[in-house]
2 protein chains.
Amino acid sequence: MAKLTEADKRVIERLVSEARTVIKHVNDGKNPDVKIPLRALSNVSFDEKEGVIRMGTKKQERTFFNVGQAKKFLQTFVMASSIKELVESGKTTSIRDIFYMCKRPIAGTSQNIFDEQDESDPIVEDLEVMIDSLREELHLFASSKGAMVGALTIVDGGDTIDLRKMGTGGWAVPSIVEKSTIEFKKCDAKYVLLVEKDAVWRRLNEDKFWEKNSCLIIHGGGVPPRGVRRLLRRMNAELRLPVYVLVDNDPWGLYIYSVVKQGSINLAFESMRMAVPSAKFIGLSSFDAEKYKLPKEVELRLNAEDLRRCKEILSYPWFQKKKWQDEIKHMMAKNRKLELEAISRKGISFISEKYIPDKINNKDWME
Amino acid sequence: MAKLTEADKRVIERLVSEARTVIKHVNDGKNPDVKIPLRALSNVSFDEKEGVIRMGTKKQERTFFNVGQAKKFLQTFVMASSIKELVESGKTTSIRDIFYMCKRPIAGTSQNIFDEQDESDPIVEDLEVMIDSLREELHLFASSKGAMVGALTIVDGGDTIDLRKMGTGGWAVPSIVEKSTIEFKKCDAKYVLLVEKDAVWRRLNEDKFWEKNSCLIIHGGGVPPRGVRRLLRRMNAELRLPVYVLVDNDPWGLYIYSVVKQGSINLAFESMRMAVPSAKFIGLSSFDAEKYKLPKEVELRLNAEDLRRCKEILSYPWFQKKKWQDEIKHMMAKNRKLELEAISRKGISFISEKYIPDKINNKDWME
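Residues numbered from 1 in each chain as written. Chains lettered and ligands numbered in written order. Predicted model: local features only at pLDDT ≥ 70, side-chain atom pairs only at ≥ 80, totals over all residues. Heavy atoms only, no water.

## A closer look at the pattern of salt bridges
At step 1: A complete count under the given rule lists 85 salt bridges over all chains for this structure.
At step 2: The salt bridge partner of A:Asp358 is A:Lys354, with a shortest N-O separation of 2.8 Å. Placement of both A:Asp358 and A:Lys354 in helix H13 (residues 350-361) is noted, with a separation of four residues, approximately one turn of the helix.
At step 3: Note that B:Glu341 and B:Lys197 form a salt bridge whose closest N and O atoms lie 3.0 Å from each other. (Salt bridge = Lys/Arg side-chain N within 4 Å of Asp/Glu carboxyl O. Helix = DSSP H or I, 4+ residues; strand = E, 2+ residues; numbered from the N terminus.)

Following this line, the structure appears as structure tokens:
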């Protein structure tokens, strides 16, 4: 058995405790059950005070002597047992891998415990909420995307990495960025800038934006994956670094900002560990085309899907401030969206030399 | 103007030379034209000797006094002019960016030079073949994906990076990996292993596979992007490292292998600079499920699209060797595919401790 961290021990303890309860139920002649916090829209609300999407207190009961629940009950404990072994091994793996590890026939039958990954993924999420641990603490990783450079030294898996000396490529942000893997060392950064697109990140890196502005620049190749979000959260909480978000001016960009800031509805139970409620939106704003006198041909028309999403976003509780309503309504009224690349019409380095510094120095942001 | 490399000077010279020819035509009262190598299936063939997909010698003529060609003629020179400026600036940018830079009205009209990026991308490719330069030499980058670690030190944009000390994340492979940006230094690697999936790459990195086996491990998040392919080519050519490819056992995996090895049909003109004709396929083979006694429930049924692709691949000239025909026909006869993750059923580190070392040590590969 590998050397276990405190977090590992906590996970194992909780899994074992659930199993013990079930065994006790059996010995007492009761119908074994587990109680799992409900992951559904009906159990999700926006916590205005904390600024995050939060899971409520409703729970569902999963019992063994119930035709509709017996298989899920079995799946829950097969998965729990595999995860316990995984944590004890000191290794990490993907949710695809763990699916294959658990995909085997139920003893004495020709039926599999799991047939498809869309059965095993929700069980992983059940376990996460059941024992109040992030997937990463269960040693499971998601796909990784994104890169970071800037004025920070980290230790990653025992290797000291100076993010000031990472060339044009940068450090590839892994999926698991918990303290047991990633430690923060010398930090000269004053803030973290998340950009939606790797092309813009590359522009900023080539211009040594992070050096001139003492910051960190990170991208997640579109909607940031879990590793990038968790890292933003940690840098914000532990290094006290403000987080600025730079996205396209379209509903998708606003969605990315909102996932970073208050978490996602689907994974509300993780918001407290993944979201950055103080994250600031520095653009693109739907008023930027006028403000920066961009020629009209670089703006794009909203399509039907964009308009539908705009209407949806208008009603989100976290976009109810007047500034946000004005912002979104202006986009709809103009019927135009704007990509980050469009700013290049003002000069290839306009974004790094003028646009972003102005936004940050003039506090020209929205929250 | 930035300090220009030899490659930069060559690009500028060729662009200017094309423009001079047009001006001469005008002065001579001729119809200005440019000759562009034809990028079409009819001008592509498989070069058995070199083992790459190669572009033929057919050219298309683009003339100015031709209603059907005048706009494209204009677009070609507007783009050439923007690229010349870009190269002279010493900066790099994305093809999306350069589209926006060129998206402006034709003087005195309300028509734009380019309306959509699907007009400007082919013009970039025209210029690439016209002056026989890779897109990266025109200072244009594609989206970047993928990561690398292993027994090699590189210099990236002036920073020395020891790929032996890159933690769990690794070095994010940039899109432009030409000599002007990336130099190779101390190399202790005996080969490069390209894996299709980042989850498997992570498994190998966690197991320090590259350290135990003195190699480099790299992934490209699926079909490897240009940066990863070009880097493989350079490591193969300059460091004399064999390249092994590890993909899912399905038609998509075979496609990935084939793109790495002989290039793609769409971008045949780049094969000589991007392909690795000596690349070896080490799996997954359709015979592996039997060879490694994998339980039948981890195999997946081929779908209609898989079967269609299998038939297509069977007819490719580079898959005509008996071993390949047997391989593909066996997949079709079994009607089963197999993902890399399925090997985890033999143990979480079976792939790094047994499967890959066996394949390489026993020369159990296909070419």
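Now, onward.
## Observations concerning the nonpolar core
At step 1: One finds A:Trp171, A:Leu193, B:Trp171 and B:Leu193 to be the most contacted residues of the largest nonpolar core, which totals 225 residues.
At step 2: Ranked by residues supplied to this core, first place goes to helix H2 (residues 70-89) of chain B with eight residues. (Core = buried A, V, L, I, M, F, W, Y, C linked by side-chain atoms within 4.5 Å. Buried < 20%, exposed > 50% of the residue type's maximum accessible area, 1.4 Å probe, protein only.)

## Some points on the interface of chain B and chain A
At step 1: Across the contact, 56 residues belong to chain B and 56 residues belong to chain A.
At step 2: For the pairing of chain B and chain A, the buried interface totals around 4300 Å² over both sides, and the portion due to carbon and sulfur atoms is 51%.
At step 3: The largest share of the area that chain B buries against chain A comes from B:Tyr100, B:Arg202 and B:Glu297, three residues that together contribute 15% of it.
At step 4: The interface formed by chain B and chain A contains two salt bridges.
At step 5: In this structure, B:Glu339 engages A:Arg96 in a salt bridge whose closest nitrogen and oxygen atoms are separated by 2.3 Å.
At step 6: Scanning the region where chain B abuts chain A turns up 30 residue pairs in polar contact (both at pLDDT 80 or more). (Contact = heavy atoms within 4.5 Å. Buried area = accessible area lost by both parts, 1.4 Å probe. Polar contact = N/O pair within 3.5 Å; in protein donor to acceptor, adjacent residues only side chain to side chain.)

## Details of the sheet that holds strand E11 (residues 182-187) of chain A
All names here are of chain A.
At step 1: Taken in spatial order, the three strands line up as E9-E8-E11 in an open sheet, and their pairing is antiparallel. Each edge of the open sheet carries a strand with a single partner, namely strand E9 (159-162) and E11. Going across the sheet, the axis of each strand differs from the next one's by a mean of 25°, ignoring polarity.
At step 2: Of the pairings in the sheet, the one linking strand E8 (residues 152-156) to E9 comprises four bridges and is antiparallel in character. In the strand pairing of E9, Ile154 is matched with Ile161. (Pairing = 2+ DSSP bridges. Axes fitted to C-alpha atoms, helices over the stretch in contact; angles between N-to-C directions.)

## Some remarks on the pairing of strand E8 (residues 152-156) of chain B
Residues and elements named next belong to chain B.
At step 1: For E8, the buried fraction is high: five of the five residues fall into the buried class.
At step 2: Note that E8 and strand E11 (residues 182-187) share four bridges and pair antiparallel. Note that in E11 the partner of Leu152 across the bridge is Cys187.
At step 3: Between the end of E8 and the start of strand E9 (residues 159-162), which pair antiparallel, lie two residues, with Gly157 showing a positive phi angle near 55°.

## Some remarks on the sheet that holds E11(B)
Residue and element names in this part refer to chain B.
At step 1: An order of E9-E8-E11 is seen for the three strands of this open sheet, with the pairing classed as antiparallel. One side of each edge strand has no neighbouring strand; the edge strands of this open sheet are E9 and E11. The average angle at which neighbouring strand axes cross in this sheet is 25°, direction not considered.
At step 2: Contacts from helix H7 (residues 226-238) reach E8 and E11, with the element oriented near 50° to E11.

## Observations regarding the relation of the copies chain B and chain A
At step 1: With an RMSD of 0.0 Å, the fit of chain B onto chain A corresponds to turning through 180° and sliding 0.0 Å along the axis. Both copies of the chain, as the preceding transformation shows, are related through a two-fold rotation axis.
At step 2: Same-surface contact between copies: 100% of interface residues of chain B are shared with the interface of chain A. (Least-squares fit on C-alpha atoms with pLDDT ≥ 70 in both.)

## Looking at the side chain of B:Arg62
All names here are of chain B.
At step 1: Within the secondary structure layout, Arg62 lies in strand E4 (residues 59-63).
At step 2: Using a relative accessible area of 3% as the deciding quantity, one classes Arg62 as buried.
At step 3: A distance of 2.9 Å separates the side chain of Arg62 from the side chain of Asp126, its partner in a polar contact.

## A look at the packing of helix H1 (residues 6-27) of chain A against helix H2 (residues 70-89) of chain A
Two packed helices can be described by the angle between their axes and the distance between those axes.
All names here are of chain A.
At step 1: One can describe the packing of H1 onto H2 by two numbers: an axis separation of 10 Å at closest approach and a directional angle of 150°. Comparing the axis directions of H1 and H2 gives the class roughly antiparallel. Both H1 and H2 take part in a crossing whose hand is left-handed. From H1, Asp8, Val11, Ile12, Leu15, Val16, Glu18, Ala19 and Val22 reach across to H2, where they touch Phe73, Phe77, Ala80, Ile83, Lys84, Val87 and Glu88.
At step 2: Among the residues making up the contact of H1 with H2, the classes are represented as eleven nonpolar, no polar and four charged. (Parallel < 35°, antiparallel > 145°, perpendicular 65-115°, else oblique. Left-handed = near helix turned anticlockwise from the far one by under 90°. Nonpolar A, V, L, I, M, F, W, Y, C, P; charged D, E, K, R; others polar.)

## Here's the deal with the confidence of the model for chain A
At step 1: In this model, chain A carries an average pLDDT of 95, and 100% of its residues clear a pLDDT of 70 or more.
At step 2: Taken together, the chains of this predicted complex give a pTM of 0.94 and an interface ipTM of 0.92. (pLDDT = per-residue confidence, 0-100.)

## Overview of the domain arrangement of chain A
All names here are of chain A.
At step 1: You can read the domains of chain A as domain 1 (6-31 + 66-141) and domain 2 (189-361).
At step 2: Taking only C-alpha atoms into account, the centre of domain 1 sits 37 Å from that of domain 2.
At step 3: At the junction of the two partners, domain 1 supplies eight residues and domain 2 supplies six residues.
At step 4: Where domain 1 abuts domain 2, roughly 640 Å² becomes buried across the two surfaces, and 56% of that area is made up of carbon and sulfur atoms.
At step 5: Across the domain 1-domain 2 interface, the total number found is three salt bridges.
At step 6: Taken together, the connections running from domain 1 to domain 2 amount to two residue pairs in polar contact (both at pLDDT 80 or more). (Domains from an automatic or database assignment.)

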